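# Coordinates in review
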Amino acid sequence: MAGKTTTGILCFTGGALTGALFGLLYAPEKGRETRSWLSYQLEKSRAMLADLAEGLVTSRELGASSAKTEGQRVISDARDKAEQLLGDVDQLINQINSRKGA
């Protein structure tokens, strides 16, 4: 679900930037003022996207470590159950062998 949210945010941001760019191209201001403003906005957007990318990488790393921890827990539980089953099988074998001898 996080993938759909991220994709939606990126699509919305891309559309907003495209709309803003076309609006600037047809704006009645002088070229120098427009370029200065555009440069400022692009730098601001670049910084925001860098922060977003860093946040995504961090959340992915946290998710990976969370998944790893969960995987280790599942493996540990499976190992415990397997050891318990082996113990039960040994008991059954001993019971069968004791009945054969009787």
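This report concerns the structure included in the present document. (Residues numbered from 1 in each chain as written. Predicted model: local features only at pLDDT ≥ 70, side-chain atom pairs only at ≥ 80, totals over all residues. Heavy atoms only, no water.)

### Comments concerning the overall build of the protein chain
- Each helix and strand in the protein chain was counted, giving two helices and zero strands.
- A buried classification covers 3% of the 102 residues belonging to the protein chain.
- As displayed, the protein chain has an accessible area near 8,900 Å², and 62% of this comes from carbon and sulfur atoms. (Helix = DSSP H or I, 4+ residues; strand = E, 2+ residues; numbered from the N terminus. Buried < 20%, exposed > 50% of the residue type's maximum accessible area, 1.4 Å probe, protein only. Areas by Shrake-Rupley, 256 points an atom, 1.4 Å probe, with all protein chains shown as cover.)

### A look at the environment of Ser45
- Within the element layout of this structure, Ser45 appears in helix α2 (residues 31–101).
- Remark: the alpha-carbon pair of Ser45 and Leu17, spanning 28 residues in sequence, is separated by 9.2 Å.

### Some points on the pattern of salt bridges
- Enumeration over the complete set of coordinates arrives at two salt bridges.
- In this structure, Glu43 engages Arg46 in a salt bridge whose closest nitrogen and oxygen atoms are separated by 2.7 Å. Remark: Arg46 and Glu43 occur in helix α2; sequence separation between them is three residues, near one turn of the helix.
- Between Asp77 and Arg73 there is a salt bridge, and its shortest N-O distance comes to 2.8 Å. Here Arg73 and Asp77 lie together in helix α2, a separation of four residues that amounts to about one turn. (Salt bridge = Lys/Arg side-chain N within 4 Å of Asp/Glu carboxyl O.)

All quantities given are derived from atomic positions and should not be read as evidence of function.
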